[in-house]
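# Coordinate analysis (summary)
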Amino acid sequence: EAAVTQSPRSKVAVTGGKVTLSCHQTNNHDYMYWYRQDTGHGLRLIHYSYVADSTEKGDIPDGYKASRPSQENFSLILELASLSQTAVYFCASRDIYEQYFGPGTRLTVL
Amino acid sequence: GDSVTQTEGQVALSEEDFLTIHCNYSASGYPALFWYVQYPGEGPQFLFRASRDKEKGSSRGFEATYDKGTTSFHLRKASVQESDSAVYYCALGEGNAGAKLTFGGGTRLTVRP
């Protein structure tokens, strides 16, 4: 069974602090993605990667960095967390057509 | 840039009702179109896709037809069940076989028993 896992599942961070969200996939997929979900905005793409050691900007990359150290792992980094980054974050991997999503990380920035 | 519009933010139906969720897109090229479903507490799941004009995608009793003329990909189901209650997302895919997705705002479907 294909699997995408995320850690932590929930996090409270302080404004200005650094936050790292981690994603691990056992699908052997090349493509991986980070999205944020906000009420009324659906899912918006932050960063994605199609090969290890390389990342691409998505539609809303400002305030976020991404790191893909291996095919299996993809991290999202908030260097200076802000209130506006409170959201649910989803990681996904992709085979030919279908994206497989993880369970999400609920991030609250106070 | 490319965009997807889902007209209904929320839909409330009774079991065995007919479902339509409207999805319209704007794109410069010829994108692939997708429907995803998200159940409470989970990540979205792929439902189906279509990649050319007049192609019908379907899964689990849901279906949608790619209409390039009206730039639409409306989701339909003949008889909904309570277990269909979820959020439904329409998306368009750009690039390598639709590698980069742009999602609509989502439609929350509630089905009363």
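Presented here is an overview of the structure given in this document. (Residues numbered from 1 in each chain as written. Chains lettered and ligands numbered in written order. Predicted model: local features only at pLDDT ≥ 70, side-chain atom pairs only at ≥ 80, totals over all residues. Heavy atoms only, no water.)

### Points about the overall build of chain B
If you tally the helices and strands in chain B, you get 0 helices and 12 strands. Secondary structure of chain B in N-to-C order comes out as β-β-β-β-β-β-β-β-β-β-β-β. Per-residue burial for chain B yields a buried fraction of 49% across its 113 residues. For chain B, the share of sequence-separated contacts (at least 6 apart) that also reach a separation of at least 24 residues comes to 53%. Distance between charge centroids for chain B: 5 Å, based on 11 positive and 13 negative side chains. (Helix = DSSP H or I, 4+ residues; strand = E, 2+ residues; numbered from the N terminus. Buried < 20%, exposed > 50% of the residue type's maximum accessible area, 1.4 Å probe, protein only. Contact = heavy atoms within 4.5 Å. Lys, Arg positive; Asp, Glu negative; His and termini not counted. Charge placed at Lys NZ, Arg CZ, Asp CG, Glu CD.)

### As for the sheet that holds strand S1 (residues 4-7) of chain A
Residues and elements named next belong to chain A. On the basis of which strands lie adjacent, the open sheet formed by 4 strands has the order S1-S3-S8-S7 and antiparallel pairing. Edge positions in the sheet fall to S1 and strand S7 (65-67), since each has one partner strand and no second. Each adjacent strand pair in this sheet contributes to an overall mean axis angle of 20 degrees, direction not counted. Where S7 lies against strand S8 (residues 73-78), 3 bridges are found, and the strand directions are antiparallel. Residue Ser 67 lies in a different strand from S8, and its bridge partner there is Ser 75. (Pairing = 2+ DSSP bridges. Axes fitted to C-alpha atoms, helices over the stretch in contact; angles between N-to-C directions.)

### Section: the sheet that holds strand S9 (residues 75-77) of chain B
All names here are of chain B. Ordered by their spatial adjacency, 4 strands build an open sheet running S3-S9-S8-S7, and the pairing between neighbours is antiparallel. The two strands at the open ends of the sheet, each matched to only one other strand, are strand S3 (19-21) and strand S7 (56-59). Direction aside, neighbouring strands of the sheet carry axes that sit 20 degrees apart on average. Looking at chain direction, S7 and strand S8 (residues 62-65) are connected through 4 bridges and run antiparallel. Paired with Gly 57 across the strands is Ala 64, a residue of S8.

### Regarding the layout of surface pockets
Vacant regions in the atomic arrangement are exposed by a probe of water-molecule size rolled over the atoms. One number sums up the size of the largest pocket: a volume of about 590 Å³. Only strand S4 (31-38), strand S9 (87-94) and strand S11 (105-109) of chain A together with strand S10 (86-94) and strand S12 (107-112) of chain B provide two or more residues apiece to the lining of the largest pocket. Residues that form the lining of the largest pocket fall into these classes: 7 nonpolar, 13 polar and 5 charged. (1 Å grid on protein atoms, 1.4 Å probe; cavity = no way out; pocket = protein on both sides within 12 Å on 5 of 7 lines; lining within 4 Å. Points joined across faces, edges and corners; volume = space filled by probe spheres on them. Nonpolar A, V, L, I, M, F, W, Y, C, P; charged D, E, K, R; others polar.)

### Digging into the pairing of S12 of chain B
Residues and elements named next belong to chain B. Alternating positions in S12 separate cleanly, Thr 107, Leu 109 and Val 111 being buried on one face and Arg 108, Thr 110 and Arg 112 remaining unburied on the opposite face. Where strand S2 (residues 10-14) meets S12, 5 bridges bridge the pair, whose relative direction is parallel. When the bridges of S12 are listed, Ala 12 appears paired with Thr 110. Pairing of S10 with S12 involves 3 bridges; the strand directions are antiparallel. Bridge pairing in S12 links Val 87 to Arg 108.

### A word on the environment of Ser 54 of chain A
All names here are of chain A. The residue Ser 54 is located in strand S6 (residues 54-57) in this model. When the C-alpha positions of Ser 54 and Ala 66 are compared, they lie 9.1 Å apart, and in sequence the two are 12 residues distant. Here Ser 54 is in contact with Ser 49 and Arg 68, once residues within four sequence places are set aside.

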